[in-house]
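Next come the chains, spelled out residue by residue.
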Amino acid sequence: MNSGNKIKVLIVDDSAIVRQTISELLSSDPDIDIIGSAPDPYVAVEKIKKGMPDVITLDIEMPRMDGITFLQKIMTQHPIPVVICSSVAKLGSENALRAIEYGAVEIIEKPKIGTQAFLKESKIRICDAVKAASKARLKPYKTIGFIVEKKLSADAVIPKPSVNRVIQTTDKIVVAGASTGGTEALRIFLEAFPDDGPGIVIV
């Protein structure tokens, strides 16, 4: 594969060592080209202006602006496939759920420096994640009309369904499931779903 067909990646992480490590892992794959790295989202924006990446690997804990906020801004303004690479976004965590909600294609654990076995495993995982992300078809993230505060329960945020709505949907349930990389497909499916359709269980 020539350089013109390689997947162009921008690495965003506040740690210089981590940026170097991720760069080395990704550069070892002949299909991937590192076009730059940034210590925070502000520098990342300047890098993007100079050359649009196909995929961004993004940390969450960073100075000046956290990764979740940057992810949301990217997806509402100019969607780019993002792979969250962080030690504070384990699957099922609040950070992971928010990242998926805002449009992250994949979430992986940040490589542990100095552990050869882990680095070898990380190389396969991060390269596969970047390749999968490069094929994702994204659409701008639409902000939701309400903000969920931590102290509010689901009953306080989501209006209770009317009696008629319950009667109409009791006997019909649609179960929809997807892996981390399939969240965009789920969003398209849900947006096209009729208001009077059966209840949906997402797994």
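For the structure, see preceding data.
### Details of the overall build of the chain
Each helix and strand counted, the chain has eight helices and seven strands in total. Taking the contacts inside the chain whose residues are at least 6 apart along the sequence as the reference set, 71% of them involve residues at least 24 apart. Within the structure as shown, the chain displays about 12,100 Å² of accessible surface, and the carbon and sulfur contribution to it stands at 54%.

### Description of the side chain of Asp40
For Asp40, the location among the structural elements is in the loop between strand 2 (32-38) and helix 2 (41-50). One polar contact links the side chain of Asp40 to the main-chain amide nitrogen of Tyr42, over a distance of 2.9 Å. When near neighbours in sequence (up to four residues on either side) are disregarded, Asp40 contacts Val12, Met62, Pro63 and Arg64.

### Side note on the pairing of strand 1 (residues 7-12)
Burial of strand 1 is extensive: five of the six residues sit out of reach of the surface. Bridging between strand 1 and strand 2 involves six bridges; their strand directions are parallel. Bridge pairing links Ile11 to Ser37 in strand 2. Regarding topology, helix 1 (residues 16-27) serves as the crossover connection from strand 1 to the parallel strand 2, and that connection is right-handed. Sheet topology note: the strand 1/strand 3 (residues 55-58) ladder contains four bridges and is parallel. Its bridge partner being in strand 3, Val12 is matched across the sheet by Leu58.

### Here's the deal with the sheet that holds strand 2
Pairing is parallel in the open sheet, where five strands are placed in the order 2-1-3-4-5. Both edges of this open sheet fall to strand 2 and strand 5 (106-109), since each of them pairs with a single strand only. Looking at each pair of strands side by side, their axes are set apart by 25° on average, direction ignored. Running over the sheet, helix 1 touches strand 1, strand 2, strand 3 and strand 4 (82-86) and is turned about 170° from strand 2.

### Focus on helix 4 (residues 94-102)
Among all positions in helix 4, only Ala96, Ala99 and Tyr102 are buried. The arc enclosing the buried residues of helix 4, seen along the axis, measures out at 135°, which places them on a common side. One or two residues past the end of helix 4 sits Gly103, with phi positive at roughly 115°.

### Description of the pattern of salt bridges
What the rule picks out here adds up to seven salt bridges. Among the salt bridges present, the one from Asp31 reaches Lys131, with a minimum N-O distance of 3.6 Å. Taken together, the residues span a long stretch of sequence, with Asp31 in the loop between helix 1 and strand 2 and Lys131 in helix 5 (residues 116-134) at a distance of 100 residues. Overall, Lys131 belongs to the partly exposed group, its relative accessible area being 25%. The partner of Asp40 in a salt bridge is Arg64, and the shortest N-O contact between them spans 3.1 Å. Linking Asp40 in the loop between strand 2 and helix 2 with Arg64 in the loop between strand 3 and helix 3 (67-77), this pair joins segments that are 24 residues apart in sequence. When its relative accessible area of 58% is taken as the criterion, Arg64 is described as exposed.

### Observations regarding the packing of helix 3 against helix 4
Taken N-terminus to C-terminus, the directions of helix 3 and helix 4 make an angle of 10°; their axes are 9 Å apart at the nearest point. Here helix 3 lies roughly parallel to helix 4, going by the angle between them. For the pair formed by helix 3 and helix 4, the contact residues are Ile68, Leu71, Gln72 and Met75 on the first element and Asn95, Arg98, Ala99 and Tyr102 on the second. Residues belonging to the contact of helix 3 with helix 4 are distributed by class as follows: five nonpolar, two polar and one charged.

### Regarding the nonpolar core
Residues Ile56, Leu58, Leu71, Val82 and Ile84 are the most contacted members of the largest nonpolar core, which totals 24 residues. Every element with two or more residues in this core is listed here: strand 1, helix 2, strand 3, helix 3, strand 4 and helix 4. A total of five residues in this core trace back to one element, the largest contributor, which is helix 3. In contact with Val82, other than residues within four places in its own chain, are Ile56, Leu58, Leu71, Ile74, Met75, Ala104, Val105 and Glu106.

The rules behind these values
Think of each chain on its own: its residues are numbered from 1, step by step along the sequence as written. The predicted nature of this model means local features are confined to residues of pLDDT at least 70 and side-chain atom pairs, given and counted, to a pLDDT of 80 or more, with totals for whole chains, interfaces and linings taken over all residues. Hydrogens and water are ignored here; the side-chain numbers use all heavy atoms of the structure. The way it works is that DSSP assigns letters per residue, a run of H or I at least four long becomes a helix, a run of E at least two long becomes a strand, and they are numbered from the N terminus. By the convention used here, residues are in contact when the closest approach between their heavy atoms is within 4.5 Å. Each accessible area is a Shrake-Rupley result for a 1.4 Å probe, and residues are judged covered by the shown protein chains and nothing else. By the criterion applied in these results, polar contacts are pairs of N or O atoms within 3.5 Å in which, for protein atoms, one can donate a hydrogen and the other can accept it, and in which residues neighboring in sequence qualify only through two side-chain atoms. Only protein chains enter the calculation, and the probe is 1.4 Å; a residue is then buried if its accessible area is under 20% of its type maximum, exposed if over 50%, and partly exposed in between. Strands are treated as partners if at least two bridges between them are detected by DSSP. If you view a crossover with the strands going away from you and the path from the first strand over the helix to the second runs clockwise, you call it right-handed. Lines are fitted to the C-alpha atoms to define the axes, a helix being fitted only along its stretch in contact, and any angle between axes, read from their N-to-C directions, falls within 0 to 180 degrees. Throughout, the arc means the angular range of directions from the helix axis out to the C-beta atoms. Every case where a carboxyl oxygen of Asp or Glu lies within 4 Å of a side-chain nitrogen of Lys or Arg is listed as a salt bridge. Roughly parallel here means an angle under 35 degrees, roughly antiparallel means over 145, roughly perpendicular means 65 to 115, and every remaining angle is called oblique. Note on residue categories: nonpolar means Ala, Val, Leu, Ile, Met, Phe, Trp, Tyr, Cys or Pro, charged means Asp, Glu, Lys or Arg, and polar means any other residue, Gly included. Among the buried residues, those of types Ala, Val, Leu, Ile, Met, Phe, Trp, Tyr and Cys that are joined through side-chain atoms within 4.5 Å form a nonpolar core.

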